Each structure stands twice: as structure tokens, then as C-alpha cells.
Amino acid sequence: MESHYRAVLPREFRSIPQLAQLGAAALEDMDIVARVLPFKTNPYVVEQLIDWSRAPDDPIFQLVFPHREMLPAEEFAALHSLVRTGANRDELNREAGRIRAALNPHPANQTDKNVPDLDGERLVGLQHKYRETVLFFPKSAQTCHAYCAFCFRWPQFIEEPGLRFALAESQKLFAYLRAHREVTDLLVTGGDPMTMSSRRLELCLEPLMAPELDHVQNVRIGTKALSFWPHRFVSDPDADEVMRLIERLARAGKHVAIMAHINHAVELSTSVVQRAIARLRSAGAQIRSQSPVLRHVNDDPAVWQALWREQVKLGICPYYMFVARDTGARSRFDLPLARTLEIYREAIRGVSGLARTARGPSMSTSAGKIEIQGTAEVSGEQVFVLSFLQGRQPEWVKKPFFARFDAKATWIDDLVPAGGARHFFFET
Ligand SMILES: *Cc1c(COP(=O)(O)O)cnc(C)c1O
Ligand code: SF4
């Protein structure tokens, strides 16, 4: 078993022997897209998660490898012809940079909205949008063990800063949390915090056990490592230290929640992921799972049923089904809202009540998380019934509202209020 992490980066495409079966033209397409969008995989994903007899349709292949449809057709063609005509590296980089800038790298203004202040200083790396939960993006967690093709967090994917920076950063986090007793949840996210060493994780988590941070009851860690590199919890050199850290937090009375990003049941099928799950649970962590619904990856109720059933079997609690966000490469992965609802309803009605803890389909918008509850007819008009699972204003939560049904809409921006109203109630 491969147990030392090794990334496979774009320039090493050709070193993946299984790719040869896809043919030279497909390889060239991938090469072009990878000049614009980040690409990263590793031998575990390539050898154990992808079923190459089903490539290129295999869901994990689709999740990780670039595809020409991830770029707008004219942008792809422009870069393609530059490559064909033998443009030099500077010209290619300039063109790739231009295309990148034209895509939408900051969905819902993730990076600069909801950044809190402490004593007049903007705390970049923190986000406080919903009263009870603070998000922390440690600088050294801005990478993943592999990248998902639909993800546009790449403007954040940068060099790892020094330990001194990490210390200063976490001290600001704790000062903020001490001053905000309404915060019950800290969600450490990225990138993937599980790409950090155990020492860096300790810097972020150990101080939460101090009595003055008793109000921070729930410690969530958002991660894709269970799927992309479960060895992180089993055989990485500091895997045991990570387990001991989780144990200490759990013994100190914290609820340690691993918020696992899992798109497909195949990610739960290997013996190493099952060992990782068992270890996390015996250390005292609870594992919850969330995933967007993605065309080409999991746009099938049977896939979700298998995923949720397997999760319950392994002791993971299904948590959220998301609608894919409005980012650049999303056009390759997006689905009409009406279809996401069909997938959710068909999937959920076929599983045990224990698996019906997954909420959704949910859109993470700048106003909050909006759940599509269903469709209905109101005063002769066909509508979507929507409500907030999380809202910028707590009083918005669980208050049903209606949008005119639209079979093609893929995001809240495409919807208009039902009954001819000008605005949704939360828009001023
Ligand atoms: C989803 C999310 C949370 C957590 O919401 P829960 O419903 O408590 O899981 C917190 N902050 C932001 C910005 C989020 O998008
Ligand atoms: S693991 Fe998460 S942050 Fe990393 S590439 Fe995938 S979706 Fe993006």
C-alpha cells in the first residue's frame, strides 16, 4: 500500500500509465485545461478509487481529471490554437491568466465578505456570517490531497507560510472567540485542514480547551482527506498525533465533528478508508458528510442511496446535499434545481429513517443556505417552496417562501418570486 503522500501535478500527466487508453486527443484537451485550472491527484485516487475500465465515464475520474467543457468553448479554442501554433511559455501563461481572470473565482464573495474585526483590525482568514459559527481558514491549509474539478477555491491555493505566521494567526482567532461568547461552533476549513501537520493542527485546536473558550462547544473540521488520502488518519508519520489530539478534545468535552466531503459511495469502499473511519470514531469524533450534486459524478438517486446507506453502516451521519455553486467550471457539473430536487426526493424516500438526516438540496447564497423543500401549486401558479436552513438573519430560518417554478433554473439568481412580487422577503 502506498503510504507516503505524493502529489501528481499537471506536468506529470504523462506519467499516469492508465491515461494512455484515453487517446492522444483527450490527453491534449486535459493538458490545455490544466494550464488554466489547478489539477492535482495522487496514486491512491488513481489506483484505488478510479475504475479505469469505466474511464472516462468513471465518476471519480470525472471528479478529478480536467475536461475541455470546464472552459468556455471559445476560450478553450483560443488556448488550443496557441498551443498548436507553438506559442512560447510566456504567451501561453498570459493567455491562461486572462481566461482564469474571466472565470468567477469568488463564488458568493467567499473571501472578502463576513470578515470580522477585532479592535479595529480586519481578521482575514476568519468568517463570521451565522451567529453561532465562526469559520477559520488557516493559511497553511490552503491545499488538498487532490483537487476536485468543480472547485474554485484555487485562488486560495498558495504556498504554505511559516509556523510563526500560523501561531500569530491562531492567536487572533482565539482573541476573537474569547470576545464572542455567542459562538458555539468553530469550523476549521480550507482547502483541507487535514493537509496540515499535527503540530499546526494543535496550534489551531489545543487552546480551545482553555476554560475561557468553554462556549466553543463544537469543533468541526471540514475535510476531503477521508476520500482523497485516508492514510492521513492511519499511516501518515503523524497520524497517531492527530488521533491523540482528537481524543484530548473529546475528553475535554468538545464535540469533535469531522465534516467529510464525500461525493460517491466508491470513496467509502477501500479497506484504508474504513480503517480511518473506525479510528476517528474510536478517538471520539463524530463524522458527518456533505456533498454537492454534480452532473457526471453523482446525478443519480441510486448513487445517493448507496452513499447514504454505506455512511449509516460505517457510522457516518448524512448531513447536507448541496447544489453546485455558481462558479466558472460549474457549467460542466451543474443541474437544474428541479432535477436536484427529484434526485433528493427519490433518494431519500428509499432509505432508512437513519439516513434521512441529509438536508437539501441546499444553495449556499450570500443571504444564507436556502433549501429547496419541494414544488407546489399556489393560487394556480406552479412554485418552488424554499426556506432558509441558515440565514444572515436568524429570524429568516424555516420560514417558507415561494419562487415561480422554472424547469431550467440552476441557482437562486435564476428564480423570481411567485405571485408577481418584486423581491424575495429577504431582499431589501
Ligand atoms: C454552512 C455554513 C456554516 C454552518 O452551517 P450549519 O447549518 O450550522 O452546518 C457556517 N458558516 C457558513 C458561512 C456556512 O456556509
Ligand atoms: S477537497 Fe474541497 S477545497 Fe479541495 S478541491 Fe475538493 S472541493 Fe475544493
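These notes cover the structure that comes with them.

It helps to recall that an α-helix has 3.6 residues per turn; residues three or four apart then point in one direction. Its 14 residues place the ends of helix H5 (residues 89-102) 20 Å apart at the C-alpha level, agreeing with the 20 Å of an ideal helix rising 1.5 Å per residue. Residues Leu92, Glu95, Ala96 and Ile99 constitute the buried set of H5. Within H5, the buried residues cover an arc of 100 degrees as seen down the axis, which keeps them to one side. Facing away from the buried surface of H5 by more than 90 degrees, the exposed residues are Asp90, Arg94 and Ala101. Residues of H5 that are buried in the fold lie against helix H1 (24-36) and helix H4 (73-84). Capping of H5 at its N-terminal end is provided by Asn88; its side-chain oxygen lies 3.1 Å from the backbone amide nitrogen of Asp90.

A word on the sheet that holds strand E13 (residues 401-404). Spatially, the 11 strands line up as an open sheet ordered E3-E4-E5-E6-E7-E8-E9-E10-E11-E12-E13, and their pairing is mixed. Both edges of this open sheet fall to strand E3 (126-130) and E13, since each of them pairs with a single strand only. On average, each strand axis in the sheet is inclined to that of its neighbour by 30 degrees, with strand direction left out of account. Bridging between strand E6 (residues 218-223) and strand E7 (residues 255-261) involves six bridges; their strand directions are parallel. By the bridge assignment, Ile221 is partnered in E7 with Ile258. The sheet contacts of helix H11 (residues 301-314) involve strand E8 (286-293) and strand E9 (316-323), and relative to E9 the element is tilted by about 150 degrees.

Residues in close proximity to ligand 2 include Cys144, Tyr147, Cys148, Phe150, Cys151, Gly191, Lys224 and His261, which together make up its full environment. The class makeup of the residues in the shell around ligand 2 is five nonpolar, two polar and one charged.

Bringing the site of ligand 1 into the picture now. Around ligand 1, a shell composed of Gln127, Tyr130, Thr133, Leu135, Arg220, Tyr319, Tyr320, Lys369 and Gln390 is seen. Between an oxygen atom of ligand 1 and a side-chain N or O atom of Tyr320, the distance comes to 2.6 Å. Within the contact set of ligand 1, an oxygen atom lies 3.2 Å away from a side-chain nitrogen or oxygen of Gln390. Contact with the protein chains hides 87% of the accessible area of ligand 1, taken as 390 Å² for the molecule alone. Per-class residue counts for the shell around ligand 1 are four nonpolar, three polar and two charged.

This next bit is on unusual backbone geometry. Note that the residue after Ala55, namely Pro56, is joined by a cis bond; omega there is 5 degrees. Within the secondary structure layout, Pro56 lies in the loop between helix H2 (43-49) and helix H3 (59-64). In this structure, Pro361 follows Gly360 across a cis peptide bond, with omega equal to -10 degrees. Structurally, Pro361 is set in strand E10 (residues 359-364). With phi around 50 degrees, Asp119 is a residue other than glycine that occupies positive phi space. Topologically, Asp119 is positioned in the loop between strand E1 (117-118) and strand E2 (121-122). The class for Asp119 is exposed, based on a relative accessible area of 79%.

Conventions adopted
Residues numbered from 1 in each chain as written. Chains lettered and ligands numbered in written order. Predicted model: local features only at pLDDT ≥ 70, side-chain atom pairs only at ≥ 80, totals over all residues. Heavy atoms only, no water. Helix = DSSP H or I, 4+ residues; strand = E, 2+ residues; numbered from the N terminus. Expected span 1.5 Å × (residues − 1). Buried < 20%, exposed > 50% of the residue type's maximum accessible area, 1.4 Å probe, protein only. Arc of directions from axis to C-beta. Contact = heavy atoms within 4.5 Å. Polar contact = N/O pair within 3.5 Å; in protein donor to acceptor, adjacent residues only side chain to side chain. Pairing = 2+ DSSP bridges. Axes fitted to C-alpha atoms, helices over the stretch in contact; angles between N-to-C directions. Near = heavy atom within 4 Å. Nonpolar A, V, L, I, M, F, W, Y, C, P; charged D, E, K, R; others polar. Areas by Shrake-Rupley, 256 points an atom, 1.4 Å probe, with all protein chains shown as cover.

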